[in-house]
Every structure is written in C-alpha cells, then in structure tokens.
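# Descriptive structure summary
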Amino acid sequence: MSKDVRATVAELADQGVVGITVAWADNNGITRSRTVPPRGLPSAVRTGIGVTPPCAVFDSHDAITFGHKGLGTPSGDVRLVPEADRIVRLSGQSGFAWAPGRLVAADGSDWPYDPRGVLERQVARAAAAGLTVRAGYEIEFQLTAADAGEFRPVHDGPSYGPLRTLAVDGFAEQLLRDLDHNGIGVHQFHGEYGPGQFELSITAQDPLTAADQQLLARQTIHAAARTHGLRASFAPLVETGTVGNGWHLHTSISRDEVNLLEGGSGPHGLTDDGAAYLAGLLRDLPAVLAVTAPSVASLLRRRPGFWSGAYGFWGPENREAALRLVPGSPFLGAGRANVELKPSDASANPYLALAVVIAAGIAGVEDRLTPPDPVQQDPGTWTDAERAAAGIRLLPSTVDEQLAALAGNARISAVLGAELADAFRAVRESDAAWAAQRSPDEVVAGHRWLY
Ligand code: GLU
Ligand code: MG
C-alpha cells in the first residue's frame, strides 16, 4: 500500500468517514457507483472493485440490451478503480467520501468501454498538438418538494429574481457551502427561467476535472436538496411544454497559455486557430450532439425558440445558436473567451461529451477550417427559404437521425472506438424502443429522476 493511500485511509477514518463512494457515468449519463469502507481503499486502488460488464449496455431504464454483440452475456467482471488523488470528503454527507473511478478489464488492461480512458486519449491528443482545452459546465435543474410525487415547482415569482432563491434559502446556503468544501468553484448561482428552475455555473477546469466535478456537483446538489426536503431533477425536460434543463458546455482552447478565441484579427477577436476550433465544432455538430445530448428526453428538450440549440449555426452571444461564442474583451480581461455548446444535457456521459467536443475542435484546427458567417438572429423566425439561403438546418431531431450522424462521421465515431460506439448505439436503440410505446409526457416522466 502506498504511503499516500495509507495516509488517506487514516485521515478519512479520523474524520468519521464510513464509506467512499466511487462513481462513474454510464452511456445514459446516469451516475453508477460502488461504496467501500476506508479500510477497503488500498485494495480498491490496487485491484479495483468488481463491476458487471453489462454496465456498458444498461439503457436509461436499467434494462440490459443484448443488441451489442461484445457484451451479450451476463458473464465476466470488470474492475472499478478509484482515482485516489481525487477523493473528497463530502460536505453534506459527512459519513461519506467520493471519488471518480475508471473501469479496467479484470486483468488490469484497458477496457474499451471505459469513458474516462476515452477522454484521457483526447486530452493527450490535444497536448500532442500543443493545445490545451479548458471546460466548464452550466448546470440547470428544477426543484420540487421531495414528497410531492408529481413535480411541483418550489417557486414562482419573477425569473432571475432573488425571490426564487429566497424560496429555497436554506438549500441555497448549504449548497454554496458544500460546493466550496467539495472543491467545486462556483461562477454564479441563480433562479432560472423555468418553473422551480435554478442554474449553477461551475468554473472552468482541465477536461478530466470538469467531467469529474460535473458528477460531484450532481451528488452535492442532490444531497443538499434531500437535507432540505427537496428533490432535484436534472432531466433534459421535467415537464412537456416548459423550458428544459441545459447543461451547456463551455470550452476554450489555448496554446502556450494564450486563449486562441480572443486577441486575434478575425471576426469577434478570434485568432485563425480559434476560428478553426469553432468551425471544427460546427462541422461535426450533428455527430457531436448524438453524444452530448443523446437521449430521447434530449430530443424533446431541443426545440426552436427554447435556447437549446435546435439549429446548427454559431453566433457571438446568440442564445439561440447551438454554438454561442462568448467573446473576450479588455473589460473582461484575458483568457475569458469561450464557446458554449447548447445541445448538451445531463443525459450525456460528461467524459464522452468532452472527448467528442475536443476531437471535433482539434480536427478543425488541424484542418485549418474557417467558419461561415455568424448569425445574430433567431433563424426559427425566418422562412424556410431564408434558412436554406443561409445554409441553416435543424440539427438531428430523431434517434435515427442522431445515430446516422454518429455512424456516418468516422472522425467522431473513432473517438469512442468500435466497441464503445456499438454499445452506445445499442443503448440508444433500446431507449428508443422504450419511448416508442409511450407518450411524450410518459417519456418525460420516465427520465425525471435518473440523473
Ligand atoms: N433552459 C435552456 C436550455 O434548455 C437554456 C436557457 C439559457 O440559455 O440559460 O438549454
Ligand atoms: Mg441558463
């Protein structure tokens, strides 16, 4: 046992921690976990915790699909290995600590379905090109009374107003304190537009930390909500006919610590490489969103006019654009420019989502792409002919269209690798078969408490 792990075990035991929850995200964006006592940590770090391989072919409703040949039997074992240097004692669940985990094969070799490994490869690829990506999530969610049964929003009152946060004062206070203790940087927190809706923006990090913290933020929000008699829904859509919950993904790209999305001579201060990064994202957007907003609930969320990225275009500070450039300015100071991906939500595995975003953007830089002209309006208010003239199309809006976009894009499919890409397809098809027998209201209800 390494000295560090021994010290961690002693420290956690001293703090009264009885369990370390090791978490990963599956192909539905659902967090799965195993919990071990502190004295079990050394062996977990050395040889992992047993997990069933079909975890990669669970659909959103915990059914195992046998539509992917590679994992077609109930036999086998994979090992969940905690990232020991990322263990956090959970403020808000004082008896527990938390760590992200990686899934390895039973012999310790790489397991092709491990999402962390997929992201690590793209981070390494960016580094080999001399590029660094930073990423930050904006997390929208809706709160209801825990015992309400049906969803009953915790507030009304003006959107973005302090009355919305006052309605959940104790929760908000605990949440901000717990996030700070759990090492998650907060940009801002506010009452959002939808019924019972809030938004938490977390500070940008390296991609692996951003994905880890996205999972930890969920845990922290759920725990604070439970303590205050509330229940949080992160579902892409909580009720039909209302706004959805986007988990907008902001990324920036830099070389030698200089942000390439600002300070250039291109449109809105983009450098040539920064413009190429944006153009790469735009080129691969249909396949990217098959991973970043993959569920049948995602499709119900992404509607024109709901600021959720229904059309494939970009625009500076345009909330209706799938890719919103947040330009830099002298007032904001150096390093702040980023690109926001709107078609991104809680049903995405954050490791896979970041991996495909990085791959698309870096490929744009490598291919020296230039983006089309930006759009400042809402193309949903235009005629078909106007949209056609501007080359603006609806992004995939059915499971079949999403899967075709992914399968038809060798660059993005290769990011997942053949085995994982096929497992991902099988899971999406299983979800689609489930949804085909249900009304939109039932589909929305079936996803409400999954994330
Ligand atoms: N709630 C919207 C969504 O589904 C986003 C609103 C906003 O831009 O903050 O993505
Ligand atoms: Mg928002």
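Residues numbered from 1 in each chain as written. Chains lettered and ligands numbered in written order. Predicted model: local features only at pLDDT ≥ 70, side-chain atom pairs only at ≥ 80, totals over all residues. Heavy atoms only, no water.

### Description of the packing of helix α3 (residues 115–128) against helix α10 (residues 350–366)
At a minimum axis separation of 8 Å, α3 and α10 run at an interaxial angle of 25 degrees. What the angle tells us is that α3 and α10 run roughly parallel. Here α3 and α10 pass one another in a crossing that is left-handed. Every residue of α10 that contacts α3 at P115, R116, V118, L119, Q122, V123, R125 and A126 is listed here: Y351, L352, L354, A355, I358, A359, I362, A363 and E366. Counted by class, the contact of α3 with α10 contains 13 nonpolar, 1 polar and 3 charged residues. (Axes fitted to C-alpha atoms, helices over the stretch in contact; angles between N-to-C directions. Helix = DSSP H or I, 4+ residues; strand = E, 2+ residues; numbered from the N terminus. Parallel < 35°, antiparallel > 145°, perpendicular 65-115°, else oblique. Left-handed = near helix turned anticlockwise from the far one by under 90°. Contact = heavy atoms within 4.5 Å. Nonpolar A, V, L, I, M, F, W, Y, C, P; charged D, E, K, R; others polar.)

### Looking at the coordination of the magnesium ion (ligand 2)
Six octahedral donors around a metal ideally make angles of 90 or 180 degrees; four tetrahedral donors ideally make 109.5 degrees. Within the first shell, the magnesium ion (ligand 2) binds the protein through E140 (OE), E192 (OE) and E199 (OE), at distances of 1.9 to 2.3 Å. Motif for the magnesium ion (ligand 2), donor spacing along one chain: E-x51-E-x6-E. On the criterion of sequence distance, the pair formed by E140 in strand β7 (residues 132–145) and E192 in the loop between β8 (186–191) and β9 (197–202) is long-range, its members being 52 residues apart. (Donors = N, O, S within 2.8 Å, 3.2 Å for Na, K, Ca; no water.)

### What to know about α10
The end-to-end C-alpha separation of α10 is 24 Å, in line with the 24 Å expected for 17 residues at 1.5 Å each. Counting buried positions over the 17 residues of α10 gives 16, a clear majority of the element. Of the residues that open α10, the one with a side-chain oxygen 2.8 Å from the backbone nitrogen of Y351 is N349. R368 sits one or two positions beyond α10 and adopts a positive phi of about 50 degrees. (Expected span 1.5 Å × (residues − 1). Buried < 20%, exposed > 50% of the residue type's maximum accessible area, 1.4 Å probe, protein only. Polar contact = N/O pair within 3.5 Å; in protein donor to acceptor, adjacent residues only side chain to side chain.)

### A short note on the nonpolar core
W111, F141, L143, F171, I221, Y277 and L323 are the most contacted members of the largest nonpolar core, which has 115 residues in total. If near-sequence neighbours (up to four positions away) are discounted, L323 is found in contact with L278, L281, L282, L285, F313, W314, G315, V339, E340 and L341. (Core = buried A, V, L, I, M, F, W, Y, C linked by side-chain atoms within 4.5 Å.)

### A look at unusual backbone geometry
In this structure, W307 takes a positive phi of about 60 degrees despite not being glycine. Taking the relative accessible area as the measure of exposure, W307 reaches 46% and is therefore partly exposed. Backbone geometry at R368 places phi at a positive 50 degrees, although glycine is not the residue there. On the secondary structure map, R368 appears in the loop between α10 and α11 (384–390).

### With respect to the packing of aromatic side chains
Under the defined criterion, the tally for this structure stands at 7 aromatic pairs. Put simply, the rings of F141, F171, F189, F198, F234 and W247 touch in pairs and so form one group of aromatic residues. For the cation-ring pair, R231 lies above W449, with the distance from its terminal atom to the ring centre recorded as 4.1 Å. The ring centre of F424 lies 4.7 Å from the NZ or CZ of R428, which sits over that ring. (Phe/Tyr/Trp six-rings, centres within 6.5 Å; stacked < 30°, edge-to-face > 60°. Lys NZ or Arg CZ within 6 Å of the ring centre and 35° of its normal.)

### A few points about the site of ligand 1
The full set of residues close to ligand 1 is E140, E192, E199, G244, G246, H248, R301, F306, W307, S308 and K342. Residue E192 places a side-chain N or O atom 3.1 Å away from an oxygen atom belonging to ligand 1. Burial of ligand 1 by the protein amounts to 91% of the accessible area it has alone, namely 300 Å². In terms of residue class, the shell around ligand 1 is made up of 2 nonpolar, 4 polar and 5 charged. (Near = heavy atom within 4 Å. Areas by Shrake-Rupley, 256 points an atom, 1.4 Å probe, with all protein chains shown as cover.)

### Observations regarding a nonpolar patch on the surface
Taken together, the side chains of Y160, Y193 and W307 define a hydrophobic patch exposed on the protein surface, amounting to about 390 Å² of accessible area. If you trace the backbone, W307 turns up in the loop between α9 (296–301) and β13 (314–316). (Patch = residues over 30% accessible without salt bridge, like charges linked within 9 Å, V, L, I, M, F, W, Y side chains within 5 Å. Salt bridge = Lys/Arg side-chain N within 4 Å of Asp/Glu carboxyl O.)

### Describing the pattern of salt bridges
In the structure shown here, the tally under the stated rule is 23 salt bridges. Residue R32 pairs with D62 through a salt bridge whose shortest N-O separation is 2.7 Å. Pair noted here: R32 is in strand β2 (residues 31–36) and D62 is in the loop between β3 (49–51) and β4 (78–82), with a separation of 30 residues, a long-range link. A cluster of three or more residues bridged by salt bridges with shared partners is formed by E83, R86, R102, R116, E120 and D212.

### A word on the packing of helix α6 (residues 207–227) against α10
The N-to-C vectors of α6 and α10 enclose an angle of 150 degrees; their axes lie 9 Å apart at closest approach. With respect to α10, the axis of α6 lies roughly antiparallel. Considering the relative orientation of α6 and α10, their crossing is right-handed. Listed contacts from α10 to P207, L208, A210, A211, D212, Q214, L215 and R218 of α6 are P350, Y351, L354 and I358. Classifying every residue of the contact of α6 with α10 by side-chain character gives 9 nonpolar, 1 polar and 2 charged.

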